[in-house]
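What follows is the residue order along each chain.
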Amino acid sequence: MVLQVRPIPPVDPAVTAVLRAAAHGKVKLLFPMLAHVSEITQTLAQVDLARAELDARGVAYGPVQLGAMIEIPAAALMVRTFFKYFDFLSIGTNDLIQY
């Protein structure tokens, strides 16, 4: 089996908007439906890319606390790993009880 690395997609305008809003007050950004470390790193790379783009354009942005929604069993089993990457977690009990 050959693994391919997907290119990082263009900067998500929603992430950029949240970063810009943080220049005006406290903001927390919660990412849903993450299950694997590869998804975590790809998501955090998007945030870093958005920050770099704003820096390059000279646009102000503020600090943002990053969080993840624990809503699928794979994420629940990796909760300690999630805490290594995120500032906070939110447990989606209504989603988890469906499994």
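Residues numbered from 1 in each chain as written. Predicted model: local features only at pLDDT ≥ 70, side-chain atom pairs only at ≥ 80, totals over all residues. Heavy atoms only, no water.

Draft legend 1. Broad picture of the pattern of salt bridges. Taken as a whole, this structure holds two salt bridges when the rule is applied. Notably, a salt bridge pairs E53 with R57, separated by 3.2 Å at the nearest N-O pair. With a gap of four residues between them, E53 and R57 both fall in helix α2 (residues 37-57), about one helical turn apart. Residue R57 is classed as partly exposed on the basis of its relative accessible area of 48%. (Salt bridge = Lys/Arg side-chain N within 4 Å of Asp/Glu carboxyl O. Helix = DSSP H or I, 4+ residues; strand = E, 2+ residues; numbered from the N terminus. Buried < 20%, exposed > 50% of the residue type's maximum accessible area, 1.4 Å probe, protein only.)

Draft legend 2. Spotlight on helix α1 (residues 13-21). Within α1, burial applies to V15, T16 and L19. Buried residues in α1, looked at end-on, bunch into an arc of 100°, giving them a common side. Here the buried face of α1 lies against α2 and β2 (64-70). Residue D12 occupies the N-cap position of α1, its side-chain oxygen lying 2.8 Å from the main-chain nitrogen of A14. (Arc of directions from axis to C-beta. Contact = heavy atoms within 4.5 Å. Polar contact = N/O pair within 3.5 Å; in protein donor to acceptor, adjacent residues only side chain to side chain.)

Draft legend 3. Representation of the nonpolar core within the structure. Judged by nonpolar contacts, the single largest core of 24 residues is most densely connected at F31, L34, V64, L66, F82 and F86. Elements supplying a minimum of two residues to this core: α1, β1 (27-31), α2 and β2. Per-element tally for this core: the top contributor is α2, with five residues. Sequence-distant contacts of L34, defined by excluding residues within four places in its chain, comprise E39, I40, T43, A68, I72, A75, F82 and F86. (Core = buried A, V, L, I, M, F, W, Y, C linked by side-chain atoms within 4.5 Å.)

Draft legend 4. Spotlight on the environment of D95. Counting through the fold element by element, D95 comes out in helix α5 (residues 93-96). With 22 residues separating them in the primary sequence, D95 and P73 have C-alpha atoms 9.3 Å apart.

Draft legend 5. Fine view of the packing of aromatic side chains. Applying the stated criterion across every chain, the model contains one aromatic pair. Between the aromatic rings of F82 and F86, the centroid separation amounts to 6.1 Å while the plane-to-plane angle is 25°, which identifies the pairing as stacked. Take F82 and F86: they sit in the same class, and that class is buried. One Lys or Arg, K28, reaches over the ring of F88 and ends 5.3 Å from the middle of that ring. (Phe/Tyr/Trp six-rings, centres within 6.5 Å; stacked < 30°, edge-to-face > 60°. Lys NZ or Arg CZ within 6 Å of the ring centre and 35° of its normal.)

Draft legend 6. Representation of α2. For α2, which comprises 21 residues, the first-to-last C-alpha distance of 30 Å matches the rise-based estimate of 30 Å (1.5 Å per residue) to within 8%. Every buried residue belonging to α2 is among I40, T43, L44, Q46, V47, A50 and L54, and all of these are buried. Taken around the axis of α2, the buried residues stretch over an arc of 140°, which confines them to a single face. Exposed residues pointing more than 90 degrees away from the buried face of α2 are listed as S38, D55 and A56. Turning to α2, the residues buried within the fold contact α1, β1, β2 and α4 (79-85). Within two residues after α2, G58 carries a phi angle of roughly 70°, on the positive side. (Expected span 1.5 Å × (residues − 1).)

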